[in-house]
Amino acid sequence: MTVSNTSDSEAMPVADTAIVGLSPSRLALARFRRDKVAVIAFFVVCFFVFIAIFAPVLTSVFNLSPYALDRQALNDYGNPIGYFGGISWNHPLGVEPGTGRDILGRLMYGARVSLLIGFIGTIVTTGVGLVLGMVSGLRRGLLDSVITRVADLTLAFPSLLLIIALNRPLTQRLESIGVPKGNFARMTYIILVLTVFGWVYMARLIRGQVLSLREREFVEAARSFGASNTHIVFKELLPNLWAQVIVFATLSLPGYVAVEASLSFLGIGLMAPAASWGTMLGDSVRYYRADPTYLLIPGVTLMILVMAFNLMGDGLRDAVDPKSDRQQL
Amino acid sequence: MLIFIARRLLFALALLFAVSAFTYVIFAALPSDPAALTCGKNCRPEVIATNRVRLGYDKPIVVQYGQFLNGIFKGRSYGVSEGVHCPAPSLGYSFRKHQCVTDLITRSLPVTASVALGAFVLWMLIGVGLGTMAALKRGRWPDRLATGFSVVGISLPTFFVGLLAIMVFVIWTGLLPFPRYEGITSNPAKWFMSLILPWFTLAIVSASSYVRLTRNGILEVMNEEFVRLGLAKGLRRRTLIIKYVMRAALLPIVTIAGLDFAALLGGAVITESVFNLPGMGKLSIMAVNDSDLPILVATTLVAAVFIVIANAFVDILYGFLDPRVRLN
Amino acid sequence: MTNTTPLLSVRDLHVSFKTNDGIVKAVDGVSFDVANGQTMGIVGESGSGKSVMVSAIMRLNFGTDVIVSGQILLNGIDLLALPESEMRQVRGRDIAMIFQDPLSALNPFYTVGYQVAEAYLVHHPKTSKAQVEAIVLNALDKVGIPDARKRMKSYPHEFSGGMRQRIVIAMALINQPKLLIADEPTTALDVTVQAQILELIDSLREENNSAVMLITHDLGVVAETIQQVMVMYAGRTAEYATVQDLFDTPSHPYTQGLLRAVRSFDQSTRGSLVSISGTPPSLINLPEACAFRPRCSQEMGPQSACATQRPELRTIGASQSACHLSADEVSRVQREAFSK
Amino acid sequence: MTPILEVRDVKKYFPSGSSRVLQRPTGQVKAVDGVSLSLQKGKTLGVVGESGCGKSTLARVLTRLIEPSSGSIFLEGEDVTRISGSELRRMRRDIQIIFQDPYSSLNPRHSVGEIIATPLRIQKTVAKSEEVGRVKELMHLVGLNPEHFNRYPHEFSGGQRQRVGIARSLALNPKVIVADEPVSALDVSIQSQILNLMQDLQTKLQVAFVFIAHDLSVVRHIADDVAVMYLGKIVELGPANIVYGHPTHPYTKALMSAVPVANPVSGRKIGRIVLTGDVPSPIDPPSGCRFRTRCWKAQDICASNEPELLDRGDGRVSACHFPELEA
Amino acid sequence: MKSRKVIIGALLVGAFFVSACGSSGSGGSGSGESSGGRSGTDEGIKDGGTLFILDHSTGATNLDPQRIYTGADLGFLGSTITRTLTSYTPVAGKAGTQLLADLATDTGTPSEDVKTWSFTLRDGVTFEDGAAIVCADIRYGVSRTFASEMTGDEGPLYATTMLAVEGEYPGPYTATADQQAAYEKAVECSEDGKTITFHLKNPVADFNYTVALLAFAPVPKASDTADKYTLKPVSSGPFMIKSYEEGKELIMVRNPNWSADSDPVRKPHVDEIHWQFGLDESVIDERMIADAGDDQATIVYGGLQPENLQTVFDDAKFADRRTDGFDGFVSYTMINIKKVPCLEVRQAFWLALDREALRTAGGGPFTGEFADSFINPLLATDYTPGTVTEGVNADGTPNVEAAQAKMDAAKEACPEVHKHATEEGLRFDHGQSELWAKLISIWIDSLGAVGIKIIDNAIEPSKYYATINKDPGDLMRAGWAADWNNASTVVPELFTKEGGFNYSQNWEDPAYPAFSDKVNLAKAEVDRSKQATLWQELNQYVLDQAWAVPGSFTKAQNLVGSRVRNAYPWLPFGWYNVGAIGLAE
């Protein structure tokens with residue numbers, strides 16, 4: 001029981017092996033690695049991303065053009081020849097009825113559309129939500145009220161209905177202000193509306209987080225050194241928000257992929273000949289008697305991707321926030 | 001409490017006004033011409049021009065909005081020599097369907113309500129039931145099953161579930177007849193049969209997130225000190241779970257459910273499309289395909305009204321159910 | 001120790017949890033007795049396992065990932081062996097409990113009157129409404145809730161911290177339990193209120209002739225109201241003695257350190273305070289050796305028993321102590337530090 | 001000698017119970033209601049009081065984390081109450097704060113090295129190249145292993161974290177440190193380590209402390225002067241040994257007697273004054289003497305007249321109509 | 001083969017006619033009568049029962065007689081609730097195109113110069129409320145055609161173009177007394193209300209066919225609800241509307257005030273007709289294939305989906321219930337002469353298009369036969385096989401070499417148009433649909449092979465005409481059928497400047513004046529066989545100038561319930577004589 005003042009006698013709670021500290025992100029990563037389901041889901045996602053990026057290469061290497069018509073694969077009625085929608089060596093997942101286009105090739109290209117919309121939509125939504133949420137949380141008063149009210153108003157609208165209703169006119173308007181016509185404008189529209197209706201959730205989450213973080217004493221500490229708002233936002237708050245942001249983004253991404261598919265299914269997504277999983281599903285619906293395989297393949301693929309993202313997001317959330325207890329599947 | 005309610009209702013009213021103005025402006029500012037819809041295949045531009053004036057679409061948006069609001073409270077006449085009158089509350093007249101929009105909505109609303117109500121009951125049963133089971137049997141197989149269900153359910157797009165359901169239950173096995181909506185008053189049995197698939201489709205998709213919400217909510221409350229005190233008092237586990245845990249855990253869930261239900265009342269767009277139910281969602285989709293602006297404005301507005309009312313209702317209900325909110 | 005048959009007798013209690021990082025031995029072989037009408041204190045720093053232990057006695061947190069072994073005998077009946085239905089009868093009737101934070105311990109959705117009544121009705125289901133109301137009123141009066149009849153209908157959040165704790169006490173005592181476990185009952189309260197609550201508990205104990213187990217991290221609290229004390233460190237018993245003996249002749253180096261630190265607060269002179277160096281150990285994969293060794297001023301070196309063996313509880317002087325030091329060494333230290 | 005820190009009649013009122021309809025506050029919480037203090041270089045002023053007495057608000061007002069509603073604060077004789085911009089930044093070097101909660105006061109995403117270096121970076125007092133050296137020096141000063149500078153807060157125990165907090169507050173060589181309950185979140189066995197450290201640092205660096213605590217016995221050791229606060233006001237203020245030796249205000253007396261004494265014989269219920277009831281709400285404090293509702297000596301005058309802080313002749317002041325003066 | 005209708009690809013959802021594209025080549029040899037077995041006969045027919053009609057669309061396009069212009073609707077409503085002065089013979093086959101007196105006592109009396117036509121009303125003809133139908137009702141009905149603001153010009157406009165009304169006449173709702181008087185001078189009504197006389201601007205030799213259009217049906221003024229009349233028109237036929245709910249069901253019941261004696265055309269068998277809307281097309285097919293319960297007494301508004309043709313036509317068990325035949329339409333692609341003033345490019349377009357692939361995507365040979373004329377072979381008098389550009393393959397596959405040669409020639413002859421077609425691209429307007437989402441890629445591919453760039457412009461169906469009226473593209477898709485047995489309802493309508501549906505803007509072409517003059521000649525020709533020769537020559541002229549590309553003589557396939565009888569295709573309307581359908585036990 002010595003009088004201790006400058007001693008380093010306090011027992012180190014962590015084994016003294018490495019002097020390099022384990023940052024919370026590394027800890028989360030380690031926890032994530034232990035979650036087998038999440039890791040598998042992560043690889044599935046990677047697989048789809050890989051396919052999407054290299055779709056042109058892959059389809060040309062394996063000769064699975066998504067656009068080439070194959071009359072030989074169809075009978076006189078325009079239906080695929082052979083079982084299960086015409087599955088064959090030439091067409092590993094069969095062909096599209098009516099045209100004989102290769103389904104695997106179209107799926108690969110469809111992955112590009114789905115993931116592109118998913119990723120861009122998520123990034124834009126998250127970005128907008130993050131900024132507005134931070135502003136709202138940090139600046140109480142008028143700006144906060146305005147943002148909160150706009151959020152209330154946004155939530156009061158039936159989003160899907162408006163997205164559907166505004167599709168044509170707004171796409172046209174986009175085209176008239178110089179956005180390249182056709183699918184580019186359509187994708188721009190989808191991302192735009194997803195953002196308009198999606199930012200609220202992110203902003204609310206971030207606002208809440210900021211409100212609680214700003215009460216934390218380390219923010220006060222920074223202010224007591226004369227830290228500027230910029231410092232507080234970028235050095236103190238943001239590092240604490242990233243985890244939440246990433247988790248939220250991961251969990252909302254599959255939502256956007258599914259929304260794109262639903263919109264395309266309702267006929268307001270992308271247009272032919274571009275392949276999107278949603279348009280494929282929308283088309284395949286007509287063939288559920290004649291060619292059920294055609295319906296199942298894009299449907300199940302979509303489901304697998306969405307599920308992989310969800311499971312990965314769950315895993316990430318658990319890794320980032322160990323308190324949120326989710327049993328492994 | 002009365003002040004709380006009054007304040008909440010006032011806010012709802014303001015929001016409603018904002019929503020209606022916003023809806024009207026959004027649609028009115030669009031580059032689509034409602035007057036063009038009054039015209040057929042070999043239509044002449046003069047006809048469109050005349051009708052634009054007659055319908056008031058040539059006037060400034062503010063004036064149009066004023067007329068629209070006036071129509072809601074006082075009714076309004078439309079068409080050739082004002083030949084058509086829609087009594088209050090008039091939400092407009094559809095020249096495509098030759099009917100007062102209010103009539104169209106009152107006709108489709110019961111369908112949507114039937115869909116929404118059944119689906120709501122089912123999904124709350126499934127969601128809250130499975131979620132509770134998962135929480136109580138945490139870590140064991142019922143938990144895994146429920147969690148698995150929720151992940152799969154969340155990952156399935158509604159329309160895909162619906163299509164699969166038709167494929168499996170109607171076409172392949174023939175267990176159910178082809179869905180065709182029948183009013184509950186005209187034939188309750190048929191009504192029920194026609195709605196089974198839509199109910200389950202919506203329920204499965206929506207229940208998934210409720211499984212999670214319930215499970216996490218219950219686990220969280222089970223860690224609360226007051227639950228331990230209840231146990232320490234000697235309360236039965238069952239009593240404890242119902243009176244202490246469920247009450248606290250379900251309160252936030254019920255509020256979310258209220259909002260979801262309201263959103264559904266505005267039209268289960270995809271489900272109604274897949275199952276061809278002549279509800280609000282289907283009406284909206286039809287209006288979109290027909291570019292029928294008056295209907296779109298009205299359905300959007302009605303849906304928004306449901307959402308706003310549900311919000312206010314839920315807040316007020318929360319005030320009644322949670323004594324902590326009641327005072328402030 | 002008292003001569004009477006103990007009311008509660010805990011024998012070799014172990015409680016451990018499975019976590020992702022390993023097994024946490026929160027309680028690691030603890031034994032003690034509580035006699036009728038006695039006040040027993042359990043002292044330890046945060047993480048020393050005291051709260052986990054009382055939960056185990058009440059069997060409050062039995063989940064799949066908690067492992068409990070040993071014996072908890074209430075009047076000779078092993079609570080750990082009881083079926084849940086019988087255990088439920090014990091809770092609240094034979095053993096009642098007061099929690100640290102009265103706000104989170106009260107159910108926010110029900111009036112306090114309802115909650116107090118519920119505590120009674122669980123064990124007296126056939127009581128008439130009027131009777132219950134009278135009993136509840138009486139209980140609230142007793143713990144000093146002013147205007148009890150009116151305030152019965154209030155909700156917990158409408159009360160101040162001290163009043164809430166009084167309500168929790170009323171609830172705990174309404175069935176006149178044989179044993180009252182108070183788990184840090186005053187930690188969340190202000191000093192001036194703490195005194196009120198401690199006095200209340202003590203007076204009610206006398207009135208009901210209950211035994212009280214008071215869990216605290218504050219040696220000062222122990223000194224005032226308690227007869228028998230157990231000091232816990234890292235899930236194990238460090239020392240077990242009467243209050244007088246513990247304060248006069250502490251025999252475990254940890255107790256000695258604690259006491260000296262606390263005493264030095266009370267002295268009026270300025271100057272360096274006495275303190276125990278280091279920090280409490282992590283309970284994951286605790287070594288079998290003496291848990292206090294890294295912080296111990298009397299530590300006998302890496303080859304000694306301190307580093308290799310777990311010290312058993314044995315009688316040293318007036319207390320029982322889990323230390324490898326010999327009685328002579330202990331009394332030497334006691335002489336140096338504590339004899340005035 | 002000019003006190004290093006002087007506070008004159010500082011008040012801080014918070015709006016409360018705002019009505020949402022009109023967006024206008026309906027009441028005020030008088031968290032700090034006319035507090036005057038002074039502190040000499042290298043000395044420690046203890047501020048004691050129960051929760052809700054306004055001591056944490058006072059700490060934040062002193063460090064300009066909260067703007068006072070009225071009153072003045074002088075740092076080395078210079079009025080710093082209304083300064084802003086670069087002047088305020090400059091002033092922040094001289095007055096620092098240590099927080100109560102060693103968990104929430106350290107940013108979990110920064111290594112302790114970064115945490116300690118933050119004030120250096122913000123105030124740019126140390127060249128980038130010397131930063132690491134300065135951080136290690138500070139860590140050594142507060143008894144942390146300087147090699148651990150790139151570890152993260154979660155890898156440290158509560159006591160060690162509080163050391164990090166202290167190191168950070170020392171980084172800019174402040175003249176005054178306001179310590180807001182620096183040890184109340186720590187275990188007893190750790191508390192004295194931290195208090196010792198603070199005393200040592202004061203000796204070495206001649207820094208003045210405002211030491212805020214609810215525990216009288218903790219303050220007793222470290223403080224040269226003690227101020228007792230009740231509902232936003234100082235009720236008694238004087239040299240520690242005098243106030244502790246013989247409190248004149250009933251509240252001080254009650255507070256002292258309420259502290260459990262870790263001695264079964266001497267401590268047990270001798271002259272214990274148990275106050276009834278709880279601390280009233282600061283939104284609507286009692287008229288006159290704020291302590292009267294719980295005071296056993298209260299008479300009519302206490303309700304009508306607010307007692308002033310009067311010098312009791314021995315270097316301390318107290319605010320009571322019926323002080324317990326030495327016979 | 002009378003009624004005319006415009007179809008825009010598969011744009012009219014649920015339309016009978018699944019049109020894809022094709023081209024000339026194999027001549028129109030189809031009989032159009034390959035009706036399916038028993039269902040077309042009255043074998044075992046019993047009076048009574050309910051006939052069900054399944055429909056994908058969400059409601060009837062129109063029930064207002066003055067606003068109806070779709071073949072199937074004209075036939076359906078004409079056979080059930082709306083009577084006209086003249087009508088067609090209710091039998092299968094060619095005999096069905098024979099004109100018959102309906103409300104009138106005969107098929108009309110023209111004046112010497114065929115500029116005045118009188119009809120005398122039968123005795124005992126009544127509306128559903130029992131009120132006698134008088135000539136004022138017909139005059140009022142016809143006057144409604146002029147109210148463009150109300151009808152939106154949805155119905156045929158023959159009344160407005162043919163009747164000799166002096167000055168402007170805006171219809172009965174907004175007309176001044178003078179305007180109304182001017183109209184009533186053109187459409188005279190006798191004192192006794194029995195005789196109606198139409199005064200025409202120009203001679204029209206077959207005006208009695210024109211009045212068979214529902215636009216000339218009677219409407220009682222007292223019951224006219226203007227725009228809303230389309231929801232509940234007053235019946236003059238054997239059925240009347242009991243209830244109509246859009247998106248759900250239209251129920252027709254028997255009209256008690258209709259007497260069989262007064263009606264030589266209609267022979268109703270069933271008691272009620274339930275027209276159900278808003279059904280999924282695939283569901284309709286599934287139900288028809290399953291043929292269970294009420295579906296045995298069901299017919300379908302719209303045809304079989306291409307994906308189900310194989311199921312139905314590969315299986316003999318459907319032989320008695322399925323139909324497959326020409327529907328009277330010719331599908332075609334108009335080329336905007338203003339934007340593509342270069343014959344070579346237009347011909348290259350013709351040569352390069354892969355009509356075979358398009359036909360396959362639309363359901364194979366069931367789609368129709370490659371057309372070589374804009375006049376359907378069913379208009380036997382006026383049809384003769386046309387000659388399309390040299391080199392067009394009869395089997396529908398593209399002739400890339402020939403097309404390329406034309407393009408090369410175009411590069412020399414009209415470099416600007418060539419550049420427009422190959423670099424800027426040609427905007428192709430078509431209705432948006434799932435089928436078109438597939439077809440368009442075939443267009444892009446096959447025309448791309450000769451360097452013609454196609455810019456896809458899928459237009460939402462509801463805005464199709466509004467869009468192309470305002471801003472026509474380079475190419476436009478549609479289908480056409482004659483209004484009555486005369487190519488005068490085809491060639492002038494499609495290819496003269498005055499025609500209602502000319503989107504080729506061919507009046508810019510130097511070759512147009514000659515064409516226009518000849519059309520006027522043909523219109524005025526009273527000798528029917530001379531007139532037919534003129535139409536044939538004019539048709540060939542259009543082909544030579546490549547103002548448009550004929551696609552195919554479209555076919556439609558259908559399936560009826562097993563109890564359905566008398567469901568024979570009624571040639572003038574391309575659908576069943578619904579009012580005459582009966583049910584077997």
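Up top is the structure these notes are about.
The structure presented is a predicted model; accordingly, all values stated were derived computationally and were not measured.

> Report on empty space enclosed by the protein, specifying residues and quantitative values.
All names here are of chain B. Put simply, the second largest cavity is a space of about 270 Å³. Along the walls of the second largest cavity sit 22 residues, with Tyr-24, Pro-34, Tyr-57, Tyr-93 and Pro-294 positioned nearest its centre. Every element with two or more residues in the lining of the second largest cavity is listed here: helix H1 (2-28), helix H3 (61-74), strand E1 (76-78) and helix H12 (293-321). In terms of residue class, the lining of the second largest cavity is built from 15 nonpolar, 4 polar and 3 charged.

> Break down the packing of helix H3 (residues 112-123) of chain D against helix H4 (residues 128-141) of chain D for me, citing the residues and quoting the values.
All names here are of chain D. Packing of H3 against H4 leaves a shortest axis separation of 9 Å and a crossing angle of 120°. Judged by the inter-axis angle, H3 sits oblique to H4. Along this stretch, H3 crosses H4, giving a crossing that reads as right-handed. On H4, the residues that touch Val-112, Gly-113, Ile-116, Ala-117, Leu-120 and Arg-121 of H3 are Lys-128, Glu-131, Arg-134, Val-135, Leu-138 and Met-139. Here the contact of H3 with H4 is composed, by residue class, of 7 nonpolar, 1 polar and 4 charged.

> I'd like a rundown of a nonpolar patch on the surface, residues and numbers included.
A cluster of nonpolar side chains, contributed by A:Leu296, A:Val300, A:Ile304, B:Val168, B:Phe169, B:Trp172 and B:Leu175, occupies part of the molecular surface with about 590 Å² of accessible area. When contributions to the nonpolar patch are tallied by element, the ones reaching two or more residues are helix H11 (292-320) of chain A together with helix H6 (158-172) of chain B. Locating B:Val168 in the fold gives a position in helix H6. Taking the relative accessible area as the measure of exposure, B:Val168 reaches 30% and is therefore partly exposed.

> Describe in detail the sheet that holds strand E6 (residues 95-98) of chain C, supporting the description with residues and values.
Residue and element names in this part refer to chain C. Spatially, the 8 strands line up as an open sheet ordered E6-E7-E8-E3-E9-E10-E12-E11, and their pairing is mixed. Across the chains shown, the open sheet's two edge strands, defined by having one partner strand only, are E6 and strand E11 (314-316). Neighbour-to-neighbour, the strand axes of the sheet open up by a mean angle of 20°, direction not taken into account. Judged from the 2 bridges that link them, strand E10 (residues 236-242) and strand E12 (residues 319-321) form a sheet pairing that is antiparallel. When the bridges of E12 are listed, Glu-239 appears paired with Ser-321. Helix-sheet contacts for helix H7 (residues 161-173) involve E6 and strand E7 (179-183), and the interaxial angle to E6 is about 175°.

> Kindly report on the pairing of strand E1 (residues 6-19) of chain C, identifying the contributing residues and their values.
The two faces of the sheet receive side chains in turn, since in a regular strand these alternate between them. Residues and elements named next belong to chain C. Examined bridge by bridge, E1 and strand E2 (residues 22-35) share 11 bridges and lie antiparallel to one another. If you follow Pro-6 over to E2, its bridge partner there is Ala-35. Turn length for the E1-E2 hairpin, with the two strands adjacent in sequence and antiparallel, is 2 residues. Looking at chain direction, E1 and strand E4 (residues 66-74) are connected through 8 bridges and run antiparallel.

> With reference to specific residues and values, describe the packing of helix H7 (residues 183-215) of chain A against helix H9 (residues 229-265) of chain A.
All names here are of chain A. The interhelical angle for the contact between H7 and H9, taken along N-to-C directions, is 155°, at an axis separation of 10 Å. In terms of orientation, H7 and H9 fall into the roughly antiparallel class. Crossing of H7 over H9 shows right-handed handedness. Where H7 approaches H9, its residues Ile-190, Leu-194, Gly-198, Tyr-201, Met-202, Leu-205, Ile-206, Gln-209, Val-210 and Leu-213 are matched on the opposing element by Leu-237, Asn-240, Leu-241, Gln-244, Val-245, Phe-248, Tyr-256, Val-259, Glu-260 and Leu-263. Residue composition of the contact of H7 with H9, grouped by class: 15 nonpolar, 4 polar and 1 charged.

> Help me get a handle on the sheet that holds strand E13 (residues 298-301) of chain E, residues and values and all.
Residue and element names in this part refer to chain E. Pairing in this open sheet of 5 strands is mixed, and the strands run E10-E11-E12-E3-E13 from one edge to the other. The open sheet terminates on both sides in strands that have one partner only, identified here as strand E10 (239-245) and E13. Neighbour-to-neighbour, the strand axes of the sheet open up by a mean angle of 20°, direction not taken into account. Sheet strands touched by helix H7 (residues 281-290): strand E3 (50-55), strand E12 (272-276) and E13. Its angle to E3, the strand with the most contacts, is close to 145°.

> Please set out the side chain of E:Asp55 residue by residue, giving values where relevant.
Residue and element names in this part refer to chain E. Structurally, Asp-55 can be placed in strand E3. Given the relative accessible area of 0%, Asp-55 is considered buried. Polar contacts involving the side chain of Asp-55 include one to the side chain of Trp-275, which spans 3.2 Å. Not counting chain neighbours up to four residues away, the residues in contact with Asp-55 comprise Trp-275, Gln-276, Phe-277, Gly-278, Leu-279, Ile-284 and Tyr-301.

> So, the arrangement of the chains: which residues are in play, and what are the values?
With 8 pairs of chains in contact overall, the contact-richest pair is chains C and D. Regarding chain C and chain E, the two do not touch, and the least distance separating their C-alpha atoms is 48 Å. Without any contact between them, chain D and chain E keep their closest C-alpha atoms 46 Å apart.

> Break down helix H2 (residues 135-144) of chain E for me, with residues and values.
The buried fraction of H2(E) amounts to 9 of the 10 residues, a majority that puts the element mostly inside the structure. Within the span of H2(E), buried status applies to E:Cys135, E:Asp137, E:Ile138, E:Arg139, E:Tyr140, E:Gly141, E:Val142, E:Ser143 and E:Arg144.

> I'd like to hear about the interface of chain B and chain C, residue by residue, with values.
Taken together, the contact pairs 23 residues of chain B with 29 residues of chain C. Summed over both sides, the interface of chain B with chain C buries roughly 2600 Å², with 59% coming from carbon and sulfur. Among the residues of chain B in contact with chain C, B:Arg228, B:Leu229 and B:Lys233 are the three that bury the most area, contributing 24% of the side total. One salt bridge in this structure joins B:Lys243 and C:Glu118, with 2.8 Å as the shortest N-O distance. Connecting chain B to chain C are 10 residue pairs in polar contact (both at pLDDT 80 or more). Going through the elements one at a time, helix H8 (225-233), helix H9 (237-265) and helix H13 (323-327) of chain B are the ones with two or more residues in the side of chain B that touches chain C.

Conventions used here
- Residues numbered from 1 in each chain as written.
- Chains lettered and ligands numbered in written order.
- Predicted model: local features only at pLDDT ≥ 70, side-chain atom pairs only at ≥ 80, totals over all residues.
- Heavy atoms only, no water.
- 1 Å grid on protein atoms, 1.4 Å probe; cavity = no way out; pocket = protein on both sides within 12 Å on 5 of 7 lines; lining within 4 Å.
- Points joined across faces, edges and corners; volume = space filled by probe spheres on them.
- Helix = DSSP H or I, 4+ residues; strand = E, 2+ residues; numbered from the N terminus.
- Nonpolar A, V, L, I, M, F, W, Y, C, P; charged D, E, K, R; others polar.
- Axes fitted to C-alpha atoms, helices over the stretch in contact; angles between N-to-C directions.
- Parallel < 35°, antiparallel > 145°, perpendicular 65-115°, else oblique.
- Left-handed = near helix turned anticlockwise from the far one by under 90°.
- Contact = heavy atoms within 4.5 Å.
- Patch = residues over 30% accessible without salt bridge, like charges linked within 9 Å, V, L, I, M, F, W, Y side chains within 5 Å.
- Areas by Shrake-Rupley, 256 points an atom, 1.4 Å probe, with all protein chains shown as cover.
- Salt bridge = Lys/Arg side-chain N within 4 Å of Asp/Glu carboxyl O.
- Buried < 20%, exposed > 50% of the residue type's maximum accessible area, 1.4 Å probe, protein only.
- Pairing = 2+ DSSP bridges.
- Polar contact = N/O pair within 3.5 Å; in protein donor to acceptor, adjacent residues only side chain to side chain.
- Buried area = accessible area lost by both parts, 1.4 Å probe.

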